[in-house]
Amino acid sequence: MKNIMVFLFGWFCCGTITAQTTLTLDQCKQLARENNIALRSARNDIEQAEQQKKQAFTNYFPQVSAMGAGMTANKHLVQMDMELPVALTAAMPAGAATPISMGMIKNGVVGNVMAMQPIFAGGQIINGNKLAKVGVEASRIQLEASENEVELTTEQYFWQVVSLKEKLVTLASLHKMLEQLEKDVTVSVNAGVTTRNDLLQVQLKANEIESQTLKVENGLTICKQLLAQYIGKNGETIDVSEPVTYETTLMLPQRQDHVAALAATPQYRLLEKNVESNRLQHKIKVGENLPTVSGGAVYTYNNLMGNGRGVGMLMATVSVPISGWWGGSHAIKKQKLALEQAREKLQDNSQKLVINMNNCWANVVTSHKQLAIARKSIEQSEENLRLNNDYYRSGTTTMSDLLDAQSSYQQSRDKYVDAYIDYQQNLLKYRQATGQ
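Counting restarts for each chain, with residues numbered from 1 along the sequence as it is written. Totals for whole chains, interfaces and linings use every residue, but because this is a predicted model, local features are given only for residues with pLDDT of at least 70 and side-chain atom pairs only at 80 or more, for both listing and counting. Side-chain metrics in this entry use all non-hydrogen atoms of the structure; hydrogen atoms and water are not considered.

Enquirer: So what's going on with a nonpolar patch on the surface? Residues and values would help.
Expert: Two distance rules govern patches: like charges are joined within 9 Å, and nonpolar side chains (Val, Leu, Ile, Met, Phe, Trp, Tyr) within 5 Å, applied only to residues with over 30% relative accessible area and no salt bridge. To measure how exposed things are, a 1.4 Å probe is used in the Shrake-Rupley method; for residues, cover is taken only from the protein chains shown. Whenever Lys or Arg places a side-chain nitrogen within 4 Å of a carboxyl oxygen from Asp or Glu, that contact is recorded as a salt bridge. A cluster of nonpolar residues, Val-318, Val-320, Ile-322, Trp-325 and Trp-326, forms a patch on the protein surface that exposes about 580 Å² of accessible area. Checked against the element boundaries, Trp-326 lands in helix H8 (residues 324-394). Since its relative accessible area comes to 68%, Trp-326 is described here as exposed. To qualify as a helix, a DSSP run of H or I must reach at least 4 residues; to qualify as a strand, a run of E must reach at least 2; elements of each kind are numbered from the N terminus. The cut-offs for exposure are 20% and 50% of the maximum accessible area for each residue type, with area from a 1.4 Å probe on protein chains only; residues under the lower value are buried, those over the upper are exposed, and the others partly exposed.

Structure representation (structure tokens):
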């Protein structure tokens, strides 16, 4: 029985441990790309654009139509009464001369098949296919832009979890220090070396650290849930494995040529596709006001009078939208203005994109310097805490100074964590802004 209980306890503990999934940053990004609803919607848009492209291609094919009909009536549709010739009526008995009644078309079938091939449509078919192709390319670029947004949001959630975990580590370290300090001060108070006021200050500080720990733990739980939901792990318990680096100095990346990097950004390529789309729509509007020429063949069959008959013929059509010219000229001018607007938008937003790259690079440089300053602050606060601890034990400083030194140590570590995460996020924003 004892062995069974041990086995069950071990199985329960293993199940509890394996229930939590620990993920790296790259794994979180991969899960977000696979499960995020925004990216699934963007992929659906690509598929819709592909189907639109295939539909546009069918306009090159002949337009084939067929019609068939059958009929039956309770009487003939065509009825004729004819008088007999006089020679015949004279030979017939009196009162027997009546008109002859003849009926036609009571039952029958008709049908035809027609195929028309567009020969010239003002470029509408060619430009329509090009426009559909642009739509597919734009959808793929939009997916890339959506992936960047999802990647950035995933990193934000991820680093929030890392930040809170690191702050818990700092709080745990302070709590351990205070526990030891409380023991030492208790001994000193009992020996009459120090006053009870010092012990109360330590206990109050310990309560403050415990309160902060509870708040951080609650925030950590919520952040993990947000990250899990965003990457498609809603309801699962997850953790992250990306510790903050304190020892090594992070290298500043190489600055890109921002003007040359424009062409690699999805935002710029979407603006280019917008210009191309409006240019093709302008050509289509022009084509709608040009004559269209089609050629084809028709085969007709009918059997209305008891003998079937089929007729085949070739035909050509020319359609000129004369009345359409009245409003067509205004539609062409409107589309031309839209094309000019798209070109101006490309130029204006290109300048804004370069400015954004400059700003992102400035943020990278600033956050890198802030990280170096925060790293020095940790070293200084550690030394200050060590000195104050020695001074207090030697009786040359107060408990308040020692506790202030601990608070400074905590703040310096928290600021370093914030600076580290800010630097990581600014790096990603710069890479995305320059199309890397």
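On we go from here.
Enquirer: Quick one: what's the story with the sheet that holds strand E8 (residues 309-319), residue by residue and with numbers?
Expert: Consider a sheet: its strands pair through backbone hydrogen bonds, and that pairing is either parallel or antiparallel. Read from one edge to the other, the open sheet built from four strands follows the order E2-E5-E7-E8, with strand pairing classed as antiparallel. Every interior strand has two partners, whereas the edge strands, strand E2 (63-72) and E8, have only one. With direction set aside, neighbouring strand axes in the sheet form an average angle of 15°. Pairing of strand E5 (residues 107-120) with strand E7 (residues 292-303), which is carried by 11 bridges, proceeds in the antiparallel orientation. Bridging from a neighbouring strand, Gly-111 pairs with Tyr-301 of E7. Paired strands, in this sense, are two strands between which DSSP finds at least two bridges. Throughout, an axis means a line fitted to C-alpha atoms (over the contacting stretch in the case of helices), and angles, computed between N-to-C directions, take values from 0 to 180 degrees.

Enquirer: Help me get a handle on the environment of Lys-429, residues and values and all.
Expert: If you trace the backbone, Lys-429 turns up in helix H9 (residues 399-433). Through-space distance from the C-alpha of Lys-429 to that of Glu-149 is 9.9 Å; in sequence the pair is 280 residues apart. The contact criterion used throughout is that any non-hydrogen atoms of two residues lie within 4.5 Å. Discounting chain neighbours no more than four positions away, the residues touching Lys-429 are Leu-152 and Cys-360.

Enquirer: Give me the lowdown on the pattern of salt bridges, citing residues and values where you can.
Expert: Any two side chains of opposite charge can pair, so long as their charged atoms come close to each other. Summed over the entire model, instances satisfying the criterion amount to 16 salt bridges. The salt bridge involving Lys-29 is made with Glu-151; its shortest N-O contact spans 3.1 Å. Within this pair, whereas Lys-29 is found in helix H2 (residues 25-35), its partner Glu-151 is found in helix H5 (residues 124-191), the two being separated by 122 residues in sequence. Look at Lys-29 and you get buried, because its relative accessible area is 9%. Residue Arg-393 pairs with Asp-184 through a salt bridge whose shortest N-O separation is 2.9 Å. Placement of the pair is Arg-393 in helix H8 and Asp-184 in helix H5, with a sequence separation of 209 residues. By relative accessible area, which is 49% here, Arg-393 ends up partly exposed. A cluster of three or more residues bridged by salt bridges with shared partners is formed by Lys-29, Glu-151 and Glu-155.

Enquirer: Which residues make up the packing of aromatic side chains, and what values do they have?
Expert: Aromatic rings from Phe, Tyr and Trp, with only the six-membered ring used for Trp, were paired whenever their centres fell within 6.5 Å, and each pair was classed as stacked if the ring planes differed by under 30 degrees, edge-to-face if by over 60, and tilted otherwise. Counting across every chain of the model gives seven aromatic pairs. Between the aromatic rings of Phe-57 and Tyr-60, the centroid separation amounts to 5.5 Å while the plane-to-plane angle is 65°, which identifies the pairing as edge-to-face.

Enquirer: How would you summarise the packing of H5 against helix H7 (residues 266-288) if you had to cite specific residues and measurements?
Expert: Put simply, H5 and H7 touch, their axes get as near as 9 Å, and they point 160° apart. With respect to their mutual orientation, H5 and H7 come out roughly antiparallel. Once H5 is placed against H7, the crossing between them reads as left-handed. When grouped by side-chain class, the residues that make up the contact of H5 with H7 number nine nonpolar, eight polar and eight charged. Small angles under 35 degrees read as roughly parallel and large ones over 145 as roughly antiparallel, with 65 to 115 read as roughly perpendicular and the rest as oblique. Crossings are classed by handedness, with left-handed meaning an anticlockwise turn of the near helix from the far one by less than a right angle and right-handed meaning a clockwise turn. Gly is placed with the polar residues, together with every amino acid not listed as nonpolar (Ala, Val, Leu, Ile, Met, Phe, Trp, Tyr, Cys and Pro) or charged (Asp, Glu, Lys and Arg).

Nothing here speaks to function; it is geometry throughout.
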